[in-house]
Amino acid sequence: MILGIETSCDETSVALLARDGSVRTNLIASQIERHRPFGGVVPEIASREHLQHLFPLVKRAIADAGVAWEDIEAVAVTSAPGLIGALLVGVAGAQGLAYGLGIPLISVNHLEGHMFSPYLQKEGPSIPLPGRFLSLVISGGHSSIYDIWMPEGAPLVTMLNRTRDDAIGETFDKVAKFIGLPYPGGPQIEKRAQGGTADAKRFPFPLPQFKDDSIDFSYSGVKAAAIRFARANDIRVEGDAALMSDFCATFQDALFAQLFNRLESAWERLEEPRPSEIAIAGGVAANGVLRERIAVWGARRGVVVRLPEKEYCTDNAAMIAFAGLQREADATDPKRVVARSRIR
Ligand code: KG4
Ligand code: ZN
């Protein structure tokens, strides 16, 4: 049994995962309500909330899963990237637990947690990991495509692109905030977009292209255009609902158009044989429109599409324990694990 701990942002989460990848319990204390008045995550509040919730959650997880302390063989904790004060609470807590129990500590990169999350199931063991897969991590802080090889030992991860400015989820959140929708903005925009007509003539959002033939994402142009249109057309929560729906549908469409444009380029640049599976992860992977489109994309290319259960899309400790399991060979003495806000 692996104990997973996640405190990198605004969710305190503790999970227990069996070696076959079955999730025994995955508890999440969300702080969304505490941060909502500020329209975004306040780091200081996040750290204090983690401190308050972490150990009660650990105790509850043990009780819920009906396991004994002795059954825990390792602790896996998110050590980077994220809010440094928030990470420190989780890492310090995990170090204390690992020390106390005399077991190793596995340092987990939060993004790897997301990458493997589509292979976790609600019930039963995890889906067997393929020898190689593409991963699309799309969240509030990240937008990247990765090429992942699974040799014996530890995974080999190559980043194929990244965002040059805003992340896709961040773009949803910032534009939502501007038009008066509550945080987090992604699900709010998705809801308002239902029934709307994506009309690119009325709201022409840019598809950025770089001179150097890079396939990086860049969402700041879409964000700026969205805010400009919203201001010019008086798109606000209190305003015309039909106009709001059309705007949200077009905006969401523009974000996903860029996503698929980059995915297509990344795919074409890979040499044969290409990966047999694509796994979509991160908070934005909860979006229904995206889930439908990626299924179509995969079917057209004969690629198996893996989508995370909604519970495993947003930050959770089950995915951290699962990524820890893949990296067990790197488990160390607890005091050697260091929290870092950035990866490099
Ligand atoms: O992975 P996550 O919980 O936290 C980060 O590590 O960032 O992702 C949160 C992000 C937020 O930006 C939120 O607006 C977005 O995921 N999100 C969505 C949806 N649900 C959450 N974006 C679009 N559509 C959704 N249904
Ligand atoms: Zn995340």
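A. Expanded view of the domain arrangement of the protein. By the assigned domains, the protein splits into domain 1 (2-122 + 315-336) and domain 2 (161-306). Each of domain 1 and domain 2 was reduced to a C-alpha centroid, and the two centroids are 29 Å apart. Taken residue by residue, the interface counts 12 residues in domain 1 and 10 residues in domain 2. For the domain 1 face of the interface with domain 2, the top three residues by lost area are R36, P118 and Y119, together amounting to 48%. Run the count over domain 1 and domain 2 and you get zero salt bridges. For the interface between domain 1 and domain 2, the tally reads three residue pairs in polar contact (both at pLDDT 80 or more). By residue class, the composition of the side of domain 1 that touches domain 2 is six nonpolar, four polar and two charged.

B. Representation of the coordination of the zinc ion (ligand 2). The coordination sphere of the zinc ion (ligand 2), as far as protein atoms go, consists of H110 (NE2), H114 (NE2) and D315 (OD), spread over 2.0 to 2.2 Å. Between the four donor atoms coordinating the zinc ion (ligand 2), the angles at the centre fall across 91 to 141 degrees, so the site counts as irregular. On the primary sequence, the residues serving as donors to the zinc ion (ligand 2) are separated as H-x3-H-x200-D. Here H110 is found in helix α4 (residues 110-116), whereas its partner D315 is found in the loop between α10 (310-313) and α11 (317-326), with 205 residues between them in sequence.

C. Representation of the side chain of S143 in the model. Along the chain, the position of S143 falls in strand β7 (residues 143-149). At 2.9 Å, the side chain of S143 and the backbone nitrogen of I168 are in polar contact.

Definitions and cut-offs
Along each chain, residue indices are assigned from 1 in the same order as the chain's sequence is written. Chains carry letters and ligands carry numbers; both start at the beginning, A for chains and 1 for ligands, and go up in the order they are written. In view of the model being predicted, local features appear only for residues whose pLDDT reaches at least 70, and side-chain atom pairs are presented and counted only at 80 or more, with totals across whole chains, interfaces and linings using the full set of residues. Computation of side-chain values covers all heavy atoms of the structure but excludes hydrogens and water. As annotated, the domain borders come from an automatic or database domain assignment. Should any heavy atoms of two residues lie within 4.5 Å, those residues are considered in contact. By convention, the term buried area covers the 1.4 Å-probe accessible surface removed from two parts as they join, with the contributions of both added. Criterion for a salt bridge: a side-chain nitrogen of Lys or Arg within 4 Å of a carboxyl oxygen of Asp or Glu. Any N or O atom pair separated by 3.5 Å or less is treated as a polar contact, with the protein-specific requirement of one donor-capable and one acceptor-capable atom, and with residues adjacent in sequence counted only for side-chain atom pairs. In this classification, the charged set is Asp, Glu, Lys and Arg, the nonpolar set is Ala, Val, Leu, Ile, Met, Phe, Trp, Tyr, Cys and Pro, and all remaining amino acids, among them Gly, are polar. Each metal's donors comprise the N, O and S atoms found within 2.8 Å of it (within 3.2 Å for Na, K or Ca). Water is not part of the atom list, so some coordination spheres may appear incomplete. Geometry is assigned from donor-metal-donor angles: four donors are tetrahedral when every angle falls between 85 and 135 degrees, four are square planar and six octahedral when opposite donors sit over 155 degrees apart with all other angles between 65 and 115, and any other arrangement is irregular. A run of DSSP states H or I qualifies as a helix once it reaches four residues; a run of E qualifies as a strand once it reaches two. Both are numbered from the N-terminal end.

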